[in-house]
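What the coordinates show
Below, each chain spelled out in residue letters.
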Amino acid sequence: MTNMAQRTLPQRLLLGPGPANVHPQIMAALQQPVLGHLDPVFQEILVETAGQLRRLFGTENEVTLAVTGTGFSGMESCLANLIEPGDTMLVGVNGFFGTRMVDFAKRFGAEVVEVNGEWGRPLAVEDIDNALHANPGVKIVGIVHGETSTGVRQPIPEIANVAHAYGALVLMDAVTSLGGLPVMVDEWGVDAAYSASQKCVGTISGLAPLTFSARARERIAQRQGPLPTWYHDIEALHQYWSAQGFYHHTCSSTLVYGLKAALDLMDEEGIDNRFARHQRCGDALKNGLEAMGLSLVAAAGHRLPMLTTVRIPEGVEDLDVRKALLAEHGIEIAGGLGPLMGQIWRIGLMGYAARPENVRTLLDAFAQILTAQGCNVDGDAGLAAAEAVLSR
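Let me begin by describing the structure that accompanies this report.

Calculation criteria
- Residues numbered from 1 in each chain as written.
- Predicted model: local features only at pLDDT ≥ 70, side-chain atom pairs only at ≥ 80, totals over all residues.
- Heavy atoms only, no water.
- Pairing = 2+ DSSP bridges.
- Helix = DSSP H or I, 4+ residues; strand = E, 2+ residues; numbered from the N terminus.
- Axes fitted to C-alpha atoms, helices over the stretch in contact; angles between N-to-C directions.
- Contact = heavy atoms within 4.5 Å.
- Salt bridge = Lys/Arg side-chain N within 4 Å of Asp/Glu carboxyl O.
- Buried < 20%, exposed > 50% of the residue type's maximum accessible area, 1.4 Å probe, protein only.
- Parallel < 35°, antiparallel > 145°, perpendicular 65-115°, else oblique.
- Nonpolar A, V, L, I, M, F, W, Y, C, P; charged D, E, K, R; others polar.
- Arc of directions from axis to C-beta.
- Polar contact = N/O pair within 3.5 Å; in protein donor to acceptor, adjacent residues only side chain to side chain.
- Left-handed = near helix turned anticlockwise from the far one by under 90°.
- Phe/Tyr/Trp six-rings, centres within 6.5 Å; stacked < 30°, edge-to-face > 60°.
- Core = buried A, V, L, I, M, F, W, Y, C linked by side-chain atoms within 4.5 Å.

**Some details on the sheet that holds strand S13 (residues 334-335)**
Within a sheet, neighbouring strands are paired by backbone hydrogen bonds and run either parallel or antiparallel to one another. The three strands lie next to each other as S11-S14-S13, forming an open sheet whose pairing is antiparallel. Every other strand in the sheet has two partners, leaving strand S11 (307-311) and S13 as the edge strands with one partner each.

As structure tokens, this is what we get:
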């Protein structure tokens, strides 16, 4: 058995739906000395990080922090705090992660109303309005901003307006979108939102940023029974992340260093510049794939910049292409989930990985492998179409 400290691991170009490659400055921050979870210096870092997360979420919410775990940890934290057994929750489902929200809500005792839509298209606001009208007393409306399984971007403000008209809170999944698209929690009327550190936020996996509005906190304070979880008690976590630093758990200083460094880089780049970079690279990739002769999945006008879904050509095997990309080019992309398994590829350009050179590298490698698989694609046309966007 090889000692891990002596092991040489392969360099990968991570162009799937996350994790993404990490900026060298963040990797350097991750090597800073470990501090105790109640060290006053670390407490300062927590408070500064919370302030940066507020700016990123577009909110003044006092309760804005990051819980340990992935995006699912953020989802679980929000639902555990907001749902009581017997509550009715409406969930918009047009992809895998909407179905996962349904599953989580049911586990916390919610009666779930599903509003289902076609995978690859945004949900219709009218359908949500009709479902709320038909189900009086819905406490929470859950919606995925950027559906990672399909590459669809869901408009949020219209849904939030409808939900509030019926007295419901709005819970938003921003796992894929945060850091790569504008997220305006306060302006849109979102009551709680969660994300993940390893996608467009740009650091390693292990933290789930989240935020709760005053309305959401009031709902929590009015609970009739105790929270079903101690670890995800948001008010206790808030006290830990505050200047007072009340003990809650042994938070990893190393993970927070990485998150703080990622947020610092966003401040240096300028958040609008960061959004523009993701959009430009995403547009270039999509134009290149279509010019090459491939078909995109997500509906035009509702496509995520950082996550592109492309249909697998007839006669081409999903795993054969992905294995060749990894073995011959060191590139990782992902396959489909749920009913789209074996039918699509998911290509991510997130955080540090959203760079022009990665668009060119992926398109060139893709064309080589698909041609070798007997697929009639035009690699030169794909590269030219991408370059037309990248050179603007």
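Once you've had a look at it, read on.
**Topic: the sheet that holds strand S8 (residues 169-173)**
Strand order across the open sheet formed by seven strands is S2-S10-S9-S8-S5-S3-S4, with mixed pairing between neighbours. The two strands at the open ends of the sheet, each matched to only one other strand, are strand S2 (63-68) and strand S4 (111-116). Neighbour to neighbour, the strand axes of the sheet diverge by 20° on average, direction disregarded. Sheet analysis places strand S3 (residues 88-93) next to S4, joined by six bridges and oriented parallel. Bridge assignment links glycine 92 to a residue of S4, and that residue is valine 115. The strands touched by helix H8 (residues 214-221) are S2, strand S5 (138-144), S8 and strand S10 (207-212); relative to S10, the strand with the most contacts, the crossing angle is about 90°.

**Considering the environment of serine 253**
Following the sequence through the fold, serine 253 ends up in helix H10 (residues 253-269). For the pair serine 253 and glutamine 32, spaced 221 residues apart in sequence, the C-alpha to C-alpha distance is 9.2 Å.

**Re the pattern of salt bridges**
Side chains that differ in sign of charge can pair as their charged atoms come close. For the coordinates displayed, the defined rule picks out 15 salt bridges. A salt bridge links aspartate 103 to arginine 107, with the shortest nitrogen-to-oxygen separation between them at 3.1 Å. Here aspartate 103 and its partner arginine 107 are both found in helix H4 (residues 96-107), four residues apart, which amounts to about one turn of the helix. Overall, the relative accessible area of 25% leaves aspartate 103 in the partly exposed class. Here glutamate 357 ties to arginine 355 by a salt bridge, and the two come within 3.2 Å at their closest N and O atoms. Overlapping salt bridges bring together Glu48, Lys260 and Asp264 as one network.

**So, the packing of helix H13 (residues 356-372) against helix H14 (residues 379-390)**
Where H13 meets H14, the closest approach of the two axes is 9 Å, and the angle between their N-to-C directions is 170°. Accordingly, the angle class assigned to the pair H13 and H14 is roughly antiparallel. Two secondary-structure elements touch here, H13 through Pro356, Val359, Arg360, Leu363, Asp364 and Ala367 and H14 through Gly379, Gly382, Leu383, Ala386, Glu387 and Leu390. Its residues placed into classes, the contact of H13 with H14 shows seven nonpolar, two polar and three charged.

**Some points on helix H9 (residues 234-241)**
In an α-helix, one full turn covers 3.6 residues, which means residues spaced three or four apart are oriented alike. All of the buried residues in H9 are Ile234, Leu237, His238, Tyr240 and Trp241. When H9 is viewed along its axis, its buried side chains cluster within an angular range of 160° and face the same direction. In this structure, the buried side of H9 is in contact with helix H2 (40-57), S2, helix H3 (71-82), S10 and H8. Between the side-chain oxygen of the N-cap and the backbone nitrogen of glutamate 235 there are 3.1 Å, and the N-cap of H9 in question is aspartate 233.

**Points about the environment of isoleucine 312**
Relative to the assigned elements, isoleucine 312 resides in the loop between S11 and helix H12 (318-329). Separated by 23 residues in sequence, isoleucine 312 and glycine 335 have C-alpha atoms that sit 9.5 Å apart.

**Focus: the packing of H3 against H4**
Between two packed helices, what matters for the description is the angle formed by their axes and the separation of those axes. Two elements in contact, H3 and H4, have axes separated by 10 Å at closest approach and are oriented at 45°. Between H3 and H4, the angle is such that the two are oblique. With respect to the hand of their crossing, H3 and H4 are arranged in right-handed fashion. Note on element contacts: H4 touches H3 through Phe97, Arg100, Met101, Phe104 and Ala105, opposite Phe72, Met75, Glu76 and Leu79. Across the contact of H3 with H4, the residue classes tally to seven nonpolar, no polar and two charged.

**Here we look at the side chain of lysine 260**
Tracing the backbone shows lysine 260 in helix H10. Excluding residues within four positions of it along the chain, lysine 260 makes contact with Ile45, Glu48, Thr49 and Gln52.

**Details of the packing of aromatic side chains**
Following the criterion strictly, the structure yields four aromatic pairs and no others. When the centroid spacing of 5.7 Å and the interplanar angle of 40° are considered together, the rings of phenylalanine 72 and phenylalanine 104 count as tilted. One end of the pair, phenylalanine 72, is in helix H3; the other, phenylalanine 104, is in helix H4, and 32 residues separate them in sequence. Overall, phenylalanine 104 belongs to the buried group, its relative accessible area being 12%.

**Things to note about the nonpolar core**
Note on soluble globular proteins: their nonpolar side chains tend to be buried together. Counting residues in hydrophobic clusters, the biggest one holds 84 residues, and the most contacted among them are Leu79, Met89, Leu90, Met101, Leu171, Met172 and Phe212. Looking at this core element by element, the count peaks at nine residues for H10. Excluding residues within four positions of it along the chain, phenylalanine 212 makes contact with Asn61, Val63, Ser77, Cys78, Asn81, Leu82, Asp191, Ala192, Arg217, Ile220 and Ile234. Listed in part, the 42 residues of the second largest apolar core include Met292, Val310, Val321 and Trp345.

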